[in-house]
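Residue-level structural notes
Here's the letter readout for the chains.
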Amino acid sequence: MADCLPPALLEACVVVGASSDKLQEVYQTFNTNGTPENLLLEPEVLHVLAPPFFSKPQIEGEAPRPRGRRRRSFLRKKREHPPSAAATHSQGGVAAEGRGGSEDVSVPKDIDLMALPQLCFPGGLQVTNEQKDEQFHFLVFTDVFGQKTYGVVMQCYRPIMEGTCFYQNGSGSSRFSKLFSAYSICVISKYPYFTALKDCLSCLLIQLRTCRLFDMEERVREFAARLTLVPVPPLGQLHMMFTLRYPLTIILPPREDKDHPAIDLDLHLPFLCFKPHQLLQVLSCLLQEQQVVLFSADWARLTLVAECFLLFLQPLSWQQPYVPVLARGMLDFLMAPTAFLMGCHLSHFAEVAAETDDLILINIDNGSISTSSSDTVDLPDIPAAAADCFAQRCQTLQIHFDLDQCHHASCTDINEQRALRREWQHDLNHDIQRIALELIVNIFRDVSSHLNYEHRVFHNEEFLKTREPAEQLFYTKVLETHIFHSFLKDRLNRKMDNFARMELCTRSEMQKMKAMVEVPRRPTMQEIQARRKSSITENRLNKRLGMSLPNLGDDQTFSFQRNTLLPRIIVSDPTLRTPPKPVKVFKLPDFPVSLSFHSVQSYYNELILQLGKAIFSVQNENSTLLARFYYLRGLINTLCLRRLDALSDFQNLYKTDTAIFPTQLVTWLVDSLHRDETQQAHRRPELKRLILKVKTDNEKPILEPDNHVKKFELPRKDLHQDEFVRCVQECGIVKDVPTIHRLFDALTDGQPRQVNHELFRHFYTFWKEREAEAQDVNLPSEVIDHLDNSECVYKLSSCVKTSHGVGKIAMTQKRLFLLTEGRPGFLEIAKFRNIKEVKIASAPFLLVRIPSLRVQTSSRPEAFEANLKTETELWNLVVKEMCAGRKIADQHKDPQYMTQALTNVLLMDAVVGCLQTQRSITVAAKLAYFDKIKEPMVVPETTSETLKHKINPSWNLAEPQTVHVLLYTPGQLSCNKSEVEINPKLWVALSGGRVVVFDAASWSMLQVCIQVGESQLNCMMGLVQEQVWIGSQDSVIYIIDTQSMSCNKQLTEHRHEVTGLSVDTGDQHSSQLAYSCSCDGTLLQWDAFSLKVKRQFHISCDRLSSIQIHNANLWCCCGDSIVELRKSGTPQRRIVLPDALQSMPSNFSSFIVMPERGQLWTGCTNSMELCLWHINNPRQPFKRISLPGSSGVSCMIQVKDQIWVGCRGQSGVGGQCDGQLRSQVFVVDSESYTLAKELQAHSDSVQTLCSAEGRYVLSGSACRDGKIAIWKVE
């Protein structure tokens, strides 16, 4: 169990000082020769106290094992020497109770006692002739795996008296001593509770000052034992409070999330020591992994300031050696050849600067930064825009508590004063973390746009090319560091941490939309304008900064490539200035006076009782807080070996917060159950399910995460087709496999079926050169005014003669226009949708005819003609492909077709540019796709008029995914307690448990992926409690919090695939009741607030596929029948398949109940018709409505007076390749029973339908199409 339990607050308490032999020598020397000057003694470990301090009588091996491995005690080493006072009297600690002469102590395995004495006395153990004040300092130990352990050291002085050792109840000299020796008490913990442990030691200090010398051992032991009774709070907002005899309340703050440690120090300390530009210098040095040494005359400052700097770098994690306190005998560590962060006493500054090279020397006391060879630091600075923003944010910080409290009354209670200080510090820490995170986001915002997630490739060279020249040296150094490599792993794993959340929420709408389209990077007109405007600004903010300031006004800049600059405007940002989450403090019971086993058990019983009361008080109010109480009670029950109670508490975490579920501990509990406990557990359904799940999960193979990161490199050998596909996808040119296959055919024209690696290098180089040229396009303002903000120039001709003068032809994604020579001007040639004909002509020039391009448009009678000479054939291909793509995109209301056409023409351009042969045009023509479609996909007029838009939820994936379920949630769903207006959302369930979320106001993607299990998702339901419920094939109902976009709750009561969810929206009193069903016929009624099952029904059927609630009755789709259940769960009526379908392999797939009309509408999987039934006379359908051209109904919904029916695609549908749309959505008039519309929806079966407030209907299709169509409702 010791390995499964989270570490206790106390790992060990170690007493360090001089040995008794040394002290006696010093005492005798003092009596003989007087006080020695500057006498330093060798410190030794005198005493080690480590859990367990309490053990139950050994019955059947029940007692938990010690947390650490057994080690030879330092006591035994002393007994190997000649007898001394120390050897005679040093007893106690771990082995003391009941085993007075034991030679072994239990030392936590991660603690190395060899270096600890030096670190407890980094300046040496002094002997003085006067009593000195106590001092504290802090230690951090890092093992070879990067795991940290923390120490808080209290250094005290005690008199040296004749014949006494550190702990002795003997006959030492009672005369007054004139010598004092230092000793230290070091509390070691796995958690960075610097302030809390310092408070604990301060309470101990009061006891040590007033107790007799021979009572010190027992006081220290009691102190250590009490700290082991303190449970460490789980991540979240629940703080733990306790006292140690004295009325000083001690608070343990939790980690706010699993990626960050608990914050228990004052993050503003560096702001008191350094100016903002100096802080930026230090952070720049750390990001570039330099050799950094901190100096201070106060040992305590070294660790606290170092920890602050490392926290400012989050989520980047320091990967190099880290020793914030170097003892005087450890200075040779500074000769290490690697990067490091270390701390030294200020007295060693000159010595270190003289004997080492290339060190960054940081003097905390006077706020100076220098190097060992210069008074200045010659390293690249953090990019100016991000630095300017950081500096201005720092000016808003209120870092002086006394100034903040001037207007408050004086506190007469120390705990009240400390509570005010804690609250102030908590808010300030939150602001500082936010500002530091914003800095990191501004520095690394563009990294994600240069990642290839599928192949785990980072395009570092392309990223560097997009940086400003002044920034490139900084990024060049940072990109080679271990700290950045670790950061890249998290980005490639799509880790949703604070960095990702801030980066996502500070994107502009245009960034979100542009990020959803796989289109080659080019600057938009708005970016060019912003760059031009900001070029005259002295202090400039680039777009990576600008996007973190979303309230700059309507003329925000939305840029994606080279730094687009913004006016220097810093405005309060509601997104960035979100207040810290409210905290809840839970006070532990008073510690027992006696530390016997029975007293400790009584303490645990009292703690369990208090946690039970806390659970009851928040049961229906705060599920997040409820989860923390369940976790703590489960932990205490585990310590008391109440295994079944502990499992029951941990089981409740599924319904409250799975993020803190202790998988390893629960596995141990299940494995350690005795036979009688197992029998009891199997009689409790919830524990039986938990045990089964644990055992099932343990049988699954453990999949190691893929953490490799690859830098893109051009191939060095010829490429076969599979290798070519991978290489093209890695380099970020295009993801679509059919397009890559066409490119492969073009580049292997007439050659063996492999692409020459040199040819690929030329192709890639030409592609990137075109991208770079596009960055330098400098259009006059008069031209930009005629273009849309989102337009980009993708191709520009040489200067040619045209029918409208001399100039250059430019192509955007929307139009062709002429940049006239001389006085720069704009002449629109045509928008692609208005071009009627494009052909190659010839224009006379002297005695020859020059090839020209003739463009006929519908907007003007005369044709536009340009003498493009050798460029004519390529422009002819390009314009035709763009026109064909635009026509199809307009017909299908799907911008992806235009994006695909644009990619095709850019590939043509690159192929012609890299080949430069006579066949280059012929080869490039192979890349045309839309222009080659002989019979374009004709969209019926009704479909075109009804279809509003199409979106692709799989845009960032290599292949389209099936849209299994759609759910629309109105804007007010998530704003019960929020003053911020929340837009409506569209939730999309794709294959493999993947959920993506769109903003239903702009149809931009809000969340790329929320992973909900790994199985197919069958149903979704929105609740007014800011929740979305999702039923999965793995029998679990997952609950997503719509505010945090996290899935931390699960309902595991079903034993089979969850197929349906429903809530009664007709009865306000029943709105708290939700229903779910599984394929085996089980129906559960839930209390939506407490997430408890209120009732359970079962219906006999082959497969229960969906449920609906009407007039408080449940309607169930049971395959071969539709069954209505009363509230009691008893069947009221059953409608069976029509006679004509009973002989066929067909089932009911969907149904609609109209209680006000007494009607039931049904659709079947293999039937081409709808059946209408009278509810009160369901023997035979009274009406059948034919659905021509369909092969079965997959889904139905009612919208106003219409029934929308989604149908399966006909057999043999080949998706887009056959040029036809084969699956339909039918709109049926529910009053006249006639087909109002037949809509050609998708190139694969319609899987799901949902309504958006009765204004729109959305349809999702299977994987050969994988898109969502948005239809207007009339």
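Structure first, text after, so check above.
Figured I'd write up the structure that's included with this text. (Residues numbered from 1 in each chain as written. Predicted model: local features only at pLDDT ≥ 70, side-chain atom pairs only at ≥ 80, totals over all residues. Heavy atoms only, no water.)

A separate point is the packing of aromatic side chains. Tallied over the full model, the rule gives 33 aromatic pairs. Between Phe444 and Phe487, the ring centres sit 5.4 Å apart and the planes meet at 45°, which makes this aromatic pair tilted. Of this pair, Phe444 sits in helix α13 (residues 414-444) while Phe487 sits in helix α16 (residues 482-492), and the two are 43 residues apart along the sequence. The pair formed by Phe444 and Phe487 is uniform in burial state, with each residue classed as buried. Ring centres of Trp1029 and Trp1086 lie 6.2 Å apart, and the angle between their planes is 90°; this geometry places the pair in the edge-to-face category. Taken together, the positions of Trp1029 in strand β37 (residues 1027-1032) and Trp1086 in strand β42 (residues 1082-1087) put the pair 57 residues apart, joining distant regions of the chain. (Phe/Tyr/Trp six-rings, centres within 6.5 Å; stacked < 30°, edge-to-face > 60°. Helix = DSSP H or I, 4+ residues; strand = E, 2+ residues; numbered from the N terminus. Buried < 20%, exposed > 50% of the residue type's maximum accessible area, 1.4 Å probe, protein only.)

What follows is about the pattern of salt bridges. Going through the model one piece at a time under the given rule, you end up with 50 salt bridges. Between Lys495 and Asp259 there is a salt bridge; the shortest N-O distance is 3.0 Å. Of this pair, Lys495 sits in the loop between α16 and α17 (498-505) while Asp259 sits in the loop between β11 (246-252) and α7 (269-273), placing them 236 residues apart in sequence. Close ionic contact of Arg860 with Glu862 constitutes a salt bridge, the shortest N to O distance being 3.9 Å. On the basis of relative accessible area, Arg860 is assigned to the partly exposed category, the value being 22%. Beyond isolated ion pairs, a larger network of salt bridges with shared partners links Glu462, Lys465, Lys768 and Glu771. (Salt bridge = Lys/Arg side-chain N within 4 Å of Asp/Glu carboxyl O.)

Looking now at empty space enclosed by the protein. Per the counting criterion, the structure on display carries eight cavities of 30 Å³ or more. Its volume calculated, the second largest cavity comes out at about 50 Å³. Every residue lining the second largest cavity is listed: Tyr1075, Gln1085, Phe1097, Ile1109, Ala1112, Asn1113, Leu1114, Leu1125, Arg1126 and Lys1127. Among the residues making up the lining of the second largest cavity, the classes are represented as six nonpolar, two polar and two charged. (1 Å grid on protein atoms, 1.4 Å probe; cavity = no way out; pocket = protein on both sides within 12 Å on 5 of 7 lines; lining within 4 Å. Points joined across faces, edges and corners; volume = space filled by probe spheres on them. Nonpolar A, V, L, I, M, F, W, Y, C, P; charged D, E, K, R; others polar.)

Grouped together as the largest cluster of nonpolar side chains are 210 residues, with contacts concentrated most on Ile185, Leu227, Phe242, Ile382 and Phe444. Dropping the residues within four chain positions of it, Phe444 is found in contact with Leu287, Leu316, Val478, Phe484, Phe487 and Phe499. Judged by nonpolar contacts, the second largest core, of 68 residues, contains Leu719, Val734, Leu743 and Tyr794. (Core = buried A, V, L, I, M, F, W, Y, C linked by side-chain atoms within 4.5 Å. Contact = heavy atoms within 4.5 Å.)

Let us now look at the pairing of strand β44 (residues 1106-1110). For β44, the buried fraction is high: four of the five residues fall into the buried class. Across five bridges, β44 lies against strand β45 (residues 1113-1117) in antiparallel orientation. Paired with Gln1108 across the strands is Trp1115, a residue of β45. The turn linking β44 back onto β45 is made up of two residues, and Asn1111 within it adopts a positive phi angle of 50°. (Pairing = 2+ DSSP bridges.)

Another aspect to go through is the environment of Val1228. Assignment of secondary structure puts Val1228 in strand β54 (residues 1223-1229). The exposure class assigned to Val1228 is buried, which follows from its relative accessible area of 0%. Between the C-alpha atoms of Val1228 and Leu1170, which are 58 residues apart in sequence, the distance is 9.8 Å. Residues in contact with Val1228, not counting those within four places in the same chain, are Trp1161, Leu1170, Ile1185, Asp1201, Gln1202, Ile1203, Val1205, Tyr1233, Thr1234, Leu1235 and Ala1236.

Shape is all these values report; function is a separate question.
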